[in-house]
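Coordinates in review
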Amino acid sequence: MFDPKGTGFVRRDDVCNALRWYPNEPGFLGDVEVLANDMSQRKRESVIKIILTTLATKKPKKEKLRMIKKKLEALYGTGWNVFIAEGRYWAVCSHKPGSNLTFIHRGVVYGVFQTPSDSDFMEELHGPVRPKKDRIYHSKGSLQCTELLPESDVHIIESDAPQHQRESIISIILGEMKHDGQPKEKLYRAKKRIEKLYGKEWNIFQAYGGYWGLCQYRVSTNLWFNHKGITYGAFQVPDSTDTIKSSRH
């Protein structure tokens, strides 16, 4: 798609022609509010265009995430994580420098970041992300609850973590949520506590409303759960020696 002549190199003109988009066209970013970003301007505009073009297709959200990830990896290499949040969203994550982007388009939060290599870890605090009140959507239909923990309001959406680790992480996250502070501060404290127990480079998320994500993680570290209508997620960044899995929510 982006390399029509099969040269092994992708030029900016090839990307623009494939997407039928040219950055000098007025009004392209009119409805986009960038919330967090460390990309170059050209890369940021290309990534936003890929996301918005894909979202315009008549596909389920999970399929759109897969398509976005595939296009990004064709251009910028492997290891991309993609998410959509229809409501307020906070995260503490590790990403490859120059790959982090979170933005709002018509009241919905979109984000991408690339899994870092062993040598280039960078922590980034996202949030608070607050779309306008009249644009917040609460779509519980996106949660496919498969397990209810005894005597609690916790529903496991997806997990491959051992039971003791899963329960420990849930306890840490919900415990921090009860304390004072901004959501991103609570997530950061939870991240540090989890890393003391289970090793470095954990990504932690909190989302109100509908949430969809396509993420790469170290095997046996993936956990997504819902507590009183709020979605939480935690997974460990894989390194070069790990078996890597992808999770779609």
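Looking at an unreviewed UniProt entry, the protein chain carries the name Dynein light chain 1 cytoplasmic, with the source organism given as Echinococcus granulosus.

In terms of helices and strands, the protein chain carries five helices and 13 strands. Among the 249 residues that make up the protein chain, the fraction classed as buried is 51%. Contacts in the protein chain between residues far apart in sequence, at least 24 positions, make up 68% of those at least 6 positions apart. A total of about 12,300 Å² of accessible surface is found on the protein chain, and carbon and sulfur atoms cover 48% of it.

This next bit is on the side chain of glutamine 236. Mapped onto the elements of the fold, glutamine 236 is located in strand β12 (residues 230-236). When its relative accessible area of 4% is taken as the criterion, glutamine 236 is described as buried. In this structure the side chain of glutamine 236 is engaged in a polar contact, spanning 2.9 Å, whose partner is the backbone oxygen of lysine 200. When residues no more than four places from it in sequence are discounted, the contact partners of glutamine 236 are Tyr198, Gly199, Lys200, Glu201, Trp202, Tyr217, Arg218 and Thr221.

Attention shifts here to the packing of helix α4 (residues 163-177) against helix α5 (residues 183-198). Where α4 meets α5, the axes come as close as 9 Å, and the angle between the chain directions of the two elements is 150 degrees. One element, α4, and the other, α5, form an angle in the roughly antiparallel class. As for the relative orientation of α4 and α5, their crossing is right-handed in sense. Taking contact as the criterion, the partners of His164, Gln165, Ser168, Ile169, Ile172, Ile173, Glu176 and Met177 in α4 are, on α5, Lys186, Leu187, Arg189, Ala190, Arg193, Ile194, Leu197 and Tyr198. Its residues assigned to classes, the contact of α4 with α5 shows nine nonpolar, three polar and four charged.

This part covers the pattern of salt bridges. In the structure shown here, the tally under the stated rule is eight salt bridges. In this structure, lysine 191 and glutamate 195 form a salt bridge, with 2.9 Å as the shortest nitrogen-oxygen distance. Of this pair, lysine 191 and glutamate 195 are both found in helix α5, four residues apart, which corresponds to roughly one turn of the helix. Each member of the pair, lysine 191 as well as glutamate 195, is classed as buried. Residue classification places glutamate 195 among the buried positions, given a relative accessible area of 7%. It is possible to trace a salt-bridge network through shared partners that takes in Glu176, Arg189 and Arg193.

About the cut-offs
Residues numbered from 1 in each chain as written. Predicted model: local features only at pLDDT ≥ 70, side-chain atom pairs only at ≥ 80, totals over all residues. Heavy atoms only, no water. Helix = DSSP H or I, 4+ residues; strand = E, 2+ residues; numbered from the N terminus. Buried < 20%, exposed > 50% of the residue type's maximum accessible area, 1.4 Å probe, protein only. Contact = heavy atoms within 4.5 Å. Areas by Shrake-Rupley, 256 points an atom, 1.4 Å probe, with all protein chains shown as cover. Polar contact = N/O pair within 3.5 Å; in protein donor to acceptor, adjacent residues only side chain to side chain. Axes fitted to C-alpha atoms, helices over the stretch in contact; angles between N-to-C directions. Parallel < 35°, antiparallel > 145°, perpendicular 65-115°, else oblique. Left-handed = near helix turned anticlockwise from the far one by under 90°. Nonpolar A, V, L, I, M, F, W, Y, C, P; charged D, E, K, R; others polar. Salt bridge = Lys/Arg side-chain N within 4 Å of Asp/Glu carboxyl O.

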